[in-house]
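# Report on the structure
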Amino acid sequence: MPELHEPRLALFTLSEAHALLDVLHHFGATDHDWGAQARHFAAELAACVPSRDA
């Protein structure tokens, strides 16, 4: 059983994560079921990724 505080493996580079956030924000602007899912995942990803300004 893994430790509860064990770090997760990085799946994206910081640049890739920001590019994915851009895509999710684009689709999140739609008023469709996919838009709602994109907004959800954008919020989840943004909580884990440092901002571009940092």
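Keep in mind the model is a prediction, meaning the values are calculated, not measured. (Residues numbered from 1 in each chain as written. Predicted model: local features only at pLDDT ≥ 70, side-chain atom pairs only at ≥ 80, totals over all residues. Heavy atoms only, no water.)

## Overview of the overall build of the chain
- Summing up its helical and strand segments, the chain has 2 helices and 0 strands in all.
- Within the span of the chain, comprising 54 residues, buried residues form 19% of the whole.
- Accessible surface computed for the chain: about 4900 Å², of which carbon and sulfur atoms make up 62%. (Helix = DSSP H or I, 4+ residues; strand = E, 2+ residues; numbered from the N terminus. Buried < 20%, exposed > 50% of the residue type's maximum accessible area, 1.4 Å probe, protein only. Areas by Shrake-Rupley, 256 points an atom, 1.4 Å probe, with all protein chains shown as cover.)

## Re helix H2 (residues 33–46)
- Between its first and last C-alpha atoms H2 spans 20 Å; for 14 residues at 1.5 Å apiece the expected length is 20 Å, and the two agree.
- Residues of H2 that are buried: Gly35, Ala38, Ala42 and Leu45. For H2, the angular spread of buried residues about the axis comes to 90 degrees, placing them on one side.
- Packed against the buried residues of H2 are helix H1 (14–28). (Expected span 1.5 Å × (residues − 1). Arc of directions from axis to C-beta. Contact = heavy atoms within 4.5 Å.)

## Description of the pattern of salt bridges
- This structure, assessed with the given rule, holds 1 salt bridge.
- Arg52 serves as the salt-bridge partner of Asp22, at 2.8 Å between the closest nitrogen and oxygen. With a gap of 30 residues between them, Asp22 in helix H1 and Arg52 in the segment after H2 connect regions that are remote in the sequence.
- For Asp22, a relative accessible area of 41% translates into the label partly exposed.
- The class of Arg52 is exposed, set by a relative accessible area of 51%. (Salt bridge = Lys/Arg side-chain N within 4 Å of Asp/Glu carboxyl O.)

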